Protein chains: 2
Amino acid sequence: MKTFSIAAALALVLSAPANAQDRDIAKIIDQGLTQSRVMKTAHELVDRIGPRLTNSPGMRRAEAWAINHMRGLGLDDVRQEGFDFGRGWEMVDIEVDMLTPRPIELTAIATAWTPGTNGPVESEIVVAPMRGPEDFAAYRGKLNGKIVLITLPGTGDEPTRPAFRRWENSDFARMDEYRQPTYDPHAIDRRVTRISGPRAIDDFLASEGAVAVVKKSYRDGKLLHGSGYRHRVGDTPKLPHIEIAAEDYRRLARLAKTGDAPRLRIDSRVRWHDEDTNAYNIIGDIRGTDPNAGYVMAGAHFDSWAAGDGAVDNGSGSVVVLEAARILKTMTRPMRTIRFALWGAEEQGLHGSKAYIDRHLARRPIPAEATPDNERTYWGNGYPIEKLAGYDQMKAYFNMDNGSGRFRGIYADNNTAATSLLGKWLGKFRALDAHRVVIREAGGTDHVFMQDIGLPAFQFIQDPLDYGARLHHTNVDTLDHMRPEDLRQAAVVMAGMLWQAANSDETLPPEPLPQQPTVTDPFAYDYPDKD
Amino acid sequence: MKTFSIAAALALVLSAPANAQDRDIAKIIDQGLTQSRVMKTAHELVDRIGPRLTNSPGMRRAEAWAINHMRGLGLDDVRQEGFDFGRGWEMVDIEVDMLTPRPIELTAIATAWTPGTNGPVESEIVVAPMRGPEDFAAYRGKLNGKIVLITLPGTGDEPTRPAFRRWENSDFARMDEYRQPTYDPHAIDRRVTRISGPRAIDDFLASEGAVAVVKKSYRDGKLLHGSGYRHRVGDTPKLPHIEIAAEDYRRLARLAKTGDAPRLRIDSRVRWHDEDTNAYNIIGDIRGTDPNAGYVMAGAHFDSWAAGDGAVDNGSGSVVVLEAARILKTMTRPMRTIRFALWGAEEQGLHGSKAYIDRHLARRPIPAEATPDNERTYWGNGYPIEKLAGYDQMKAYFNMDNGSGRFRGIYADNNTAATSLLGKWLGKFRALDAHRVVIREAGGTDHVFMQDIGLPAFQFIQDPLDYGARLHHTNVDTLDHMRPEDLRQAAVVMAGMLWQAANSDETLPPEPLPQQPTVTDPFAYDYPDKD
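Keep in mind the model is a prediction, meaning the values are calculated, not measured.

Draft legend 1. Just the domain arrangement of chain A, in detail. Residue and element names in this part refer to chain A. Structurally, chain A comprises domain 1 (6-85 + 290-503) and domain 2 (90-156 + 192-273). The straight-line distance from the C-alpha centre of domain 1 to that of domain 2 is 36 Å. Across the interface of domain 1 and domain 2, roughly 1700 Å² is buried in total on both sides, 58% from carbon and sulfur atoms. Broken down residue by residue, the surface that domain 1 buries against domain 2 is led by Phe-85, Trp-305 and Asp-373, which jointly contribute 31%.

Draft legend 2. Examining the relation of the copies chain B and chain A more closely. Structural alignment of chain B on chain A gives an RMSD of 0.0 Å, achieved by rotating through 180 degrees and translating 0.0 Å along the axis. Put plainly, the chains are arranged around a two-fold axis. For chain B, the minimum C-alpha distance to the rotation axis belongs to Pro162(B) and amounts to 2.0 Å. A share of 100% of the interface residues of chain B reappears at the interface of chain A, consistent with the copies meeting face to face through the same patch.

Draft legend 3. Summary view of the confidence of the model for chain A. Mean pLDDT for chain A: 94, with 95% of residues reaching 70 or above. Here the predicted complex carries an ipTM of 0.93, next to a pTM of 0.94.

Draft legend 4. Molecular detail of the pattern of salt bridges. Residue and element names in this part refer to chain A. Inspection of every chain in the model, using the stated rule, returns 90 salt bridges over all chains. The salt bridge partner of Asp-285 is Arg-339, with a shortest N-O separation of 2.9 Å. Placement of the pair is Asp-285 in strand S10 (residues 278-286) and Arg-339 in strand S12 (residues 337-343), with a sequence separation of 54 residues. The exposure classification of Asp-285 matches that of Arg-339, with both residues buried. With a closest N to O distance of 2.9 Å, Asp-466 and Arg-470 form a salt bridge.

Draft legend 5. Representation of the packing of aromatic side chains within the structure. Under the counting rule described, the total for this entry stands at 19 aromatic pairs over all chains. With a centroid separation of 4.1 Å and an interplanar angle of 5 degrees, the aromatic rings of Phe136(A) and Phe204(A) are classed as stacked. Residue Phe136(A) is located in the loop between strand S5 (121-127) and strand S6 (147-149), and its partner Phe204(A) is located in helix H6 (residues 190-207); the two are separated by 68 residues in the primary sequence. Phe136(A) sits in the buried class, given a relative accessible area of 7%. Aromatic side chains Trp379(B) and Phe449(B) sit 5.1 Å apart centroid to centroid with 75 degrees between the ring planes, which places their arrangement in the edge-to-face category. Of the two residues, Trp379(B) sits in helix H10 (residues 375-380) while Phe449(B) sits in helix H12 (residues 448-452), which places them 70 residues apart along the sequence. For Phe449(B), a relative accessible area of 3% translates into the label buried.

About the criteria used
Residues numbered from 1 in each chain as written. Chains lettered and ligands numbered in written order. Predicted model: local features only at pLDDT ≥ 70, side-chain atom pairs only at ≥ 80, totals over all residues. Heavy atoms only, no water. Domains from an automatic or database assignment. Buried area = accessible area lost by both parts, 1.4 Å probe. Least-squares fit on C-alpha atoms with pLDDT ≥ 70 in both. Contact = heavy atoms within 4.5 Å. pLDDT = per-residue confidence, 0-100. Salt bridge = Lys/Arg side-chain N within 4 Å of Asp/Glu carboxyl O. Helix = DSSP H or I, 4+ residues; strand = E, 2+ residues; numbered from the N terminus. Buried < 20%, exposed > 50% of the residue type's maximum accessible area, 1.4 Å probe, protein only. Phe/Tyr/Trp six-rings, centres within 6.5 Å; stacked < 30°, edge-to-face > 60°.

Here is the structure:
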């Protein structure tokens, strides 16, 4: 694996012609690598505040901390922008015990935004794997008074890829393959089904008289997640839902298959917080010298799931944004304003960055028949896109949300025209091994909707490390799995990209404002809308 | 990866000249692969009985089950042979909470054979990493009333090897490198230091007024072990000792380093069982037709640690031994007796197989100055070795204790003269990919002391799978991580090796009875004995 050293990076930059821009880059590298505060900031956020489920008390503490932190850095106009989200929820305590055929305490977590048990619930289990309404008939009349296990148990996994890894050159080659845009009007939006699916199951199980719902963790090795999406006011599940570690779940299933159904006792205590149903984005600026030059922006989602401490998802991105702000505050004032955003409610559907778009960037029509479940899908297909006043002000957006791995380059997200300037700016960080521009899209995080409306918004390529293998959304997403050297490098590169974007005469070319879905097959027939 | 199919294996064997021996092998393969009961047996032992810490109630249930199971198979002279071990102990329940700076329940386990807290204990932590007496001075006077964290916290691991893997040909080549025997009179015996080290620390911390002792799990990812060795009557630690998951431990350590020491509440309940301080080996035979031909034997340790269910360590070996017995009971009576042993107390120092040696095979002198801590070390260096009447009766011993991976061959354990016959017998299982004989020693389990006294005792080579990465001694050592196909293959090969060893005119050559330690350097000076 190629590594880098501070001395080599500085030497390379400083050996180049000492023009003003290169001196700036050298200063940013020095600040970010030798005078870093990124791990101290991470410790305050991740260890001391911990998990930040949207609208939970932890998130409220984190929001106050972030505002205070940004003000302490001397950012301008530090503000929070609220948007409708739903209920606040936190786990207080959970204990799940198998009582028969032998007593064991099981490893379990409550599913987010589901009720507690209101005292211990004790019953037999039924293993009733179900995907949705197509499976309900088989279980009707058999679940009354039962604790229902709804996941197919399966068998232990066999992970044959290293848990911790860095990208190889062959990986970058793969990321640099151009894929033509496609559009499938029947594509199923995960944001719809992950609410509607569990709701149908909860309604069915409640009507059948079940007392609690159990799903299996989707990772082996006693890892837990607790993700759930029914956060809207008036959409709270009827039953307590919990997730049990894969090993414990499968043992229950085997015992039920070969003998009397085990008895479980579940005692899950949760607390609701409905004082304020808004979630918030936290935003601060370094005001530029030219008020007509627009702004450049970096962002990361600030919320997390509740199982771990929200360290690499996405404490990492959050503290790198804050560290980039600290570094850039040591520079002279830039030409363009530099904006720093900590997004709320990313985990439940990129709600924070979407709210920023709604308020500042663009509107898309949503038809009257849209429901809260599917209005996002309609939004994504809504034309024409109407620019707001702020649309043309945003000259660049850089996002970080792939764990704590160092930056190896940037995804151009199919914006071919932008690759040249992105490459020029990243070229300053060749010695930090962060210089690659690949054409592939990076989906699933807060730059996506900006890209959808044609703005130059990008996510960095990060070394994967053990993000996917064991950290993403799990109970071991803790600070000891953040890599300090990687985060120092990331903060330098993020600051350096913002600095160049804020001071360059050239700006990143946006894509043409899209005014219809991509046409992929002019001969295709379609069913009438079935939504 | 090369795989095998039942059909291919049978076809290969049956296409060879149909002599009696090959017909026997075919019958064994058919029984073991197509009529296997190995996973059903595993379920009874691992899921229904669960952990089997030596002398715990779980182990007592397992012993009764094993005797019953062997009798059910129709084995002859099923018996248990007791030997002095110490106290019985079991965890009842543990809850460890961080109270400040924010409340979290931590992932923790009690260390085996340490006392509970006798109600909740609540105090500040002190991080006081210590290796032994050389570090005590630094902490004297600072630990009164505290919960003491004694492990160096370190940082998160970066596992760059796949968690689950099978041996490659290059691995076998490495195993087949001959290493000359060595002897270091100053070699430190882990069986001594893992008792004496913790005892010194416990004595020191108790004398300083500490209230509980915390060590860090030695694996990341919320895995727990709970291993402890002070099981002897009269040697129980003074303080409660617990192990905390690495992520939780490091968070505590970081918080203590950067602010007020966190407060913990520990509530650990354990139960002692001193009714019977003997541990037991469970033994059953298939009596041979020739009472003068001696016996061949297979064994596996039956005890486990308490964190998981003792599935791959060593439920696997135990059920394969029982399945081999079942398979061989479908054959005609062999010439030699075939003996099946489930050893007790392997995890605390191979006590069960050592007790079998003491009773049936050989004696070695132990000097008067030996203590309970170090008498095993003296035994290993005690000469002359005195053969008991049973010594020459044991014609072969085969052990299984490396998880649930299929057999890929056998370790000849430096017994060069035995490689030829081992290879001939294993050659019958070429189609099952189990035919390799490598010269290297396989340490750390129950054949070792038999090898030490010159008997032909061997351990099979097994595919590693995820045994070392996450299962060995952990809380995820559960049945879903046993590989059914692998265990069926192992049972066939074990049965086939026993069958051939029991009926062959040739017997495995033992090594010369060793009568002094290996001489490795005739010019070495030595200090006077310092023990």
